[in-house]
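Survey of secondary and tertiary structure
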Amino acid sequence: MKVDRRAGEAEDEVEAAAKRRRLVAEPVSSPAPGLVVRTGERGGVARRGRRRRVQADAAAAPVQRLFQACRHVFRGPGTVPGPDHVRLLRALLDRMGPEDVGLSPDLRFFRSTDAAAHQQGTPTVTHTTMYKCPNFSMVILFLPRNAVIPLHNHPGMTVFSKLLLGKMHIKSYDWAAADPHQLPDPSSTTTSSSSSSCSCCSSSSSDDTNQLRLAELVVDDVFTAPCDTSVLYPTTGGNMHRFTAVEPCAIIDVLGPPYSMEEDRDCTYYADIPYANHHQHPTAHGVGGGLTGGVEQDEDLRRLAWLKEIDMPTAELKMCSVLYGGPPISDK
Ligand SMILES: [Fe+2]
């Protein structure tokens, strides 16, 4: 959501919000942290004229250190951080707590009972951009209890996620490799499955089955803050994930590079279909032909699922953006 305002007004709002240094939570029926509506791509970026004061503060500010590390690590599309850089960003995020972005567990938003009392319909996920440039973005997501960010991908991206507050279920997948399961090229399922009648692709249309691709489960667990930072990579670590808030959550995401429609990094959503729905047609799909049973193989199969591209599930996902109001970030 974008609202036209004069730049000066927007900067004044940034400064006022930064002075408060504390996000003010609202009931979940409103945008979560209840700040001003987002007006631009960059979040709480300190501007010229306040530079001296901001830099003095920034020397000790965890968000500023994180920003500086991101600027060092993410050098543009195609950059995948190496082990040393991953350790650096992970260590900085691991040490960060909610107070470092102006949050407190005492805020009304994070009190489950209040959230439940105000909750009606699909809970709204609130998004705030701390900083964004072509090489990376730093965002905070606020999920009321039961809010869901449906299964989606991060094309060509490395993403660091740090749960600051709350309890969240994360389920993630990577595309399954052909080896060691002797799985076929996903595109080969189209032709051969067009004559099958599996429960999840009963249509004989090749257009339907063409969207199915085999994926392997990476994470299926509940995380409670404080917990370590998780990292996903372009092809490993669970590049496609779903967030479900067991309790109201706040999570920092660092994305390098950020989503960009112009650079062909738009977000794709998926439905996951149990592998067993197609397992009855192993020959048709070319899957399972080399698997003859056994506990280990059964366990392997349970970690497989078919992913199907879907439109953005608007019934499941409501999102709004607010202006970042935590400690400022100086990009000078
Ligand atoms: Fe994500």
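Please refer to the structure higher up on the page.
Residues numbered from 1 in each chain as written. Predicted model: local features only at pLDDT ≥ 70, side-chain atom pairs only at ≥ 80, totals over all residues.

Structural notes on helix 3 (residues 62-73)
Taking 1.5 Å of rise per residue, twelve residues should cover 16 Å, and helix 3 covers 16 Å from first to last C-alpha, within 8% of that figure. Taken residue by residue, helix 3 has Val-63, Gln-64, Leu-66, Phe-67, Cys-70 and Val-73 as its buried positions. (Helix = DSSP H or I, 4+ residues; strand = E, 2+ residues; numbered from the N terminus. Expected span 1.5 Å × (residues − 1). Buried ≥ 20, exposed ≤ 12 C-beta atoms within 10 Å, placed from the backbone.)

Digging into the environment of Leu-66
Take Leu-66: it is sitting in helix 3. A tally of 26 C-beta atoms within 10 Å means that Leu-66 is categorised as buried. With 263 residues separating them along the chain, Leu-66 and Ile-329 place their C-alpha atoms 9.5 Å apart. Those residues in contact with Leu-66, other than ones at most four positions away along the chain, are Leu-92, Leu-93 and Met-138. (Contact = placed C-beta atoms within 7 Å.)

Let's talk about helix 4 (residues 83-95)
The end-to-end C-alpha distance of helix 4, which contains 13 residues, comes to 18 Å, matching closely the 18 Å that a straight helix rising 1.5 Å per residue would cover. Taken residue by residue, helix 4 has Leu-89, Leu-92 and Leu-93 as its buried positions. Seen from one end, helix 4 has its buried residues packed into an arc of 95°, which puts them on one side. What points out from helix 4, more than 90 degrees from its buried face, is the exposed set Pro-83, Asp-84, Arg-87, Ala-91 and Asp-94. Lining the buried residues of helix 4 we find helix 3, strand 4 (158-165) and strand 9 (249-256). (Arc of directions from axis to C-beta.)

Regarding the environment of Ala-276
Inspection of the secondary structure puts Ala-276 in helix 8 (residues 276-279). Note on Ala-276: 13 C-beta atoms within 10 Å, which makes it partly exposed. Along the primary structure Ala-276 and Leu-301 are separated by 25 residues, whereas in three dimensions their C-alpha atoms are 8.0 Å apart.

Overview of the sheet that holds strand 2 (residues 137-143)
Overall, mixed pairing links the six strands, which are arranged 7-4-9-2-1-12 in an open sheet. With one partner strand each, in any of the chains shown, strand 7 (230-232) and strand 12 (318-323) form the two edges of the open sheet. Averaged over all pairs of adjacent strands, the angle between strand axes in this sheet comes to 25°, irrespective of strand direction. In the sheet, strand 1 (residues 124-132) pairs with strand 12 via six bridges, with the strands oriented parallel. Each residue of the ladder has a partner; that of Thr-129, found in strand 12, is Leu-323. Helix 4 contacts strand 4, strand 7 and strand 9 of the sheet and is inclined by roughly 15° relative to strand 4. (Pairing = 2+ DSSP bridges. Axes fitted to C-alpha atoms, helices over the stretch in contact; angles between N-to-C directions.)

Quick word on the pairing of strand 2
Summarising burial for strand 2: six of the seven residues are buried, a large majority. Pairing analysis gives six bridges linking strand 1 to strand 2, with the strands arranged antiparallel. Within strand 2, the residue paired with Tyr-131 across the bridge is Met-138. As consecutive antiparallel partners, strand 1 and strand 2 are separated by four residues. Where strand 2 and strand 9 come together, seven bridges link them in antiparallel fashion. Residue pairing in the sheet places Ile-140 in a bridge with Ile-252 of strand 9.

Focus on unusual backbone geometry
Omega for the peptide link from Ala-225 to Pro-226 comes to 0°, which places this bond in the cis form. Tracing the sequence through the fold places Pro-226 in the loop between strand 6 (212-224) and strand 7. In this chain, Gly-256 is followed by Pro-257 through a cis amide linkage whose omega measures -10°. With respect to the helices and strands, Pro-257 occurs in the loop between strand 9 and strand 10 (269-274). We note that Asn-146 has phi near 75°; this positive angle belongs to a residue other than glycine.

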